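Coordinate inspection notes
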Amino acid sequence: MTGDSFWTLPPDRMVRGSLGHCNITVLLPPFGVDARALPANDPGRAAEFAASFGTVEEVVEEIGPRSALDVPYPDTRTDLDIVQAAAWGHALGFSDPALADNGNDTPLLTEARRLRERYPDARIVGRVHFHGGADHTEDIVWLPDGAMFHATGWPGDEPFEVTGDPDAIASALGIPAETLEDLGLHEEDPADVEWAGFVALALGEADPWGWEQLRTTAFRVRHTRFATSTMEELYFAGG
C-alpha cells in the first residue's frame, strides 16, 4: 500500500491508456425530461451516491464542481482516484475510472446489478470506453420492467458479447426502426455496432453527460482493494 490507499505504485506514475465515456446514470420517473431542466446538483446527495458504489471504499474529500461534459483524462496514478458524482433531482450520475475494463471483467454490469436492487423503478444506463492500444467498450441499458441489454468487447474484433434483446429495448422505448438502421443495429457482426450510441437513446434528452452547464461534484476517493488492483493492471500494464 502507498499512503492510505491500496496502490502499490507512486502517485506520479504515468497512466497507460485513456478513457472516453465511463459513466452510469440512474433516471427515476418521470423519464421524459430535458437534462437542461434538471435541478442543480446536490453535492451532499452526490457524495452519498459516490460512496454507495462497489468500487469505492471511502470518499476522502470533495474537490468541487465540474462540468458533466468533462471527460476524465487521467495522466498520473493520483488522477485515477478522482470520480464525479451528481444528484440532479430524480437523476443520478456517476463517473469513475474504475468502471473501465479490458475484457477480464464486467464492472459496469456489476454496478448496474447493485443499482437495480436499490432503484427498481429506475432506468439505468451505462457507457464505458477504454483505449489501451485498442478500444474496449461496455454498455448497458436496464429498464424498470426488467428488460436488460448489455454489450462488451473490443469493437471490430471477436469475441463481442451481447446479452439481452436490443430490439425489445428499442420497442419498449419507442425508438424508430430507421434510427436503429442508422446505428447499424442489425449488422451481422455485433462488434461493428456503435453500442454507446444505442444506449444513449435510452436516455434521450434526459442524458446529462453532454451539457457544459450541468455540474457534477468531483471527489477524491479511496477505491477498494479489488478496484485498485484491477486499475493497476489496466492502466499500468507493462509500466
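Just so you know, these numbers come straight off a predicted model, no measurement behind them.

Focus: the packing of aromatic side chains
When we look at a pair of aromatic rings, we describe it by the centre distance and by the angle of the planes. Going through the model one piece at a time under the given rule, you end up with 10 aromatic pairs. Ring geometry for F149 against W195: centres 4.8 Å apart, planes inclined by 45°, an arrangement best described as tilted. Taken together, the residues F149 in strand β7 (residues 148–153) and W195 in helix α5 (residues 195–200) connect sequence positions 46 residues apart. Of the two residues, F149 and W195, both sit in the buried class. Taken together, a centroid distance of 5.3 Å and an interplanar angle of 85° make the contact between F149 and F198 edge-to-face. Here the residue F149 occupies a position in strand β7, and F198 occupies one in helix α5, the gap between them amounting to 49 residues. Neither F149 nor F198 differs from the other in exposure class; each is buried. Site record: aromatic cluster; members linked through ring pairs are F49, F53, F94 and Y119. Across from the ring centre of F31, 4.3 Å away, lies the NZ or CZ of R123, which sits over that ring.

Things to note about the nonpolar core
Counting 39 residues, the largest nonpolar core has I24, V26, F49, F94, L115, I124 and Y235 as its most contacted members. Beyond its immediate sequence surroundings of up to four residues, I124 is in contact with I24, T25, V26, A112, L115, R116, I140, V141 and W142. Core analysis: the second largest hydrophobic core is formed by 29 residues, A91, F149, A170 and A191 among them.

Description of the pattern of salt bridges
Throughout the structure, instances matching the rule amount to six salt bridges. A salt bridge links E111 to R114, with the nearest nitrogen and oxygen atoms 3.7 Å apart. Taken as a pair, E111 and R114 lie in helix α2 (residues 107–118) at a separation of three residues, close to a single helical turn. Here E111 falls in the buried class, since its relative accessible area comes to 4%. Across the salt bridge formed by R127 and D207, the nearest N and O atoms sit 2.9 Å from each other.

Let's talk about the sheet that holds β7
Taken together, the nine strands give an open sheet; going across it, the order is β2-β9-β3-β4-β1-β5-β6-β7-β8, and neighbouring strands pair in antiparallel fashion. If you trace the sheet from one side to the other, it starts and ends with β2 (56–67) and β8 (160–164), each paired once. Taking each pair of neighbouring strands and ignoring which way they run, the sheet shows an average axis angle of 15°. Each of β1 (18–27), β5 (123–131), β6 (135–142) and β7 is contacted by α2, which is oriented at about 20° to β6, the strand it contacts most.

Brief notes about the pairing of β8
When β7 meets β8, the two strands line up antiparallel, connected through five bridges. Counterpart to A151 in the pairing with β8 is V162. Counting the residues that bridge the hairpin from β7 to β8 gives six residues, and of these G156 lies at a positive phi of roughly 90°.

Concerning unusual backbone geometry
The residue after P29, namely P30, is reached through a cis peptide bond having omega 5°. Here P30 is to be found in the loop between β1 and α1 (43–51).

Description of α1
One turn of the α-helix equals 3.6 residues, which is why residues spaced by three or four share an orientation. Among the residues making up α1, those that are buried are A46, F49 and A50. Axial view of α1: buried residues confined to an arc of 100°, hence all on one face. Close packing links the buried residues of α1 with β1, β2, β3 (82–88), β4 (91–95), α2 and β9 (215–223).

Describing the pairing of β3
For β3, a buried count of seven out of seven residues is recorded, marking the element as mostly surrounded by other parts of the structure. Because side chains alternate across β3, one face comprises the buried residues I82, Q84, A86 and W88, and the other comprises V83, A85 and A87, equally buried. Judged from the four bridges that link them, β3 and β9 form a sheet pairing that is antiparallel. The partner of V83 across the bridge, within β9, is F219. Bridge analysis of β3 against β4 gives five bridges, and the strand direction is antiparallel. Residue A86 lies in a different strand from β4, and its bridge partner there is G93. Hairpin connection, β3 to β4: the antiparallel pair is bridged by two residues, and G89 has positive phi, about 65°.

Cut-off values and rules
Residues numbered from 1 in each chain as written. Predicted model: local features only at pLDDT ≥ 70, side-chain atom pairs only at ≥ 80, totals over all residues. Heavy atoms only, no water. Phe/Tyr/Trp six-rings, centres within 6.5 Å; stacked < 30°, edge-to-face > 60°. Helix = DSSP H or I, 4+ residues; strand = E, 2+ residues; numbered from the N terminus. Buried < 20%, exposed > 50% of the residue type's maximum accessible area, 1.4 Å probe, protein only. Lys NZ or Arg CZ within 6 Å of the ring centre and 35° of its normal. Core = buried A, V, L, I, M, F, W, Y, C linked by side-chain atoms within 4.5 Å. Contact = heavy atoms within 4.5 Å. Salt bridge = Lys/Arg side-chain N within 4 Å of Asp/Glu carboxyl O. Pairing = 2+ DSSP bridges. Axes fitted to C-alpha atoms, helices over the stretch in contact; angles between N-to-C directions. Arc of directions from axis to C-beta.

Purely spatial values, then, with no claim about function.
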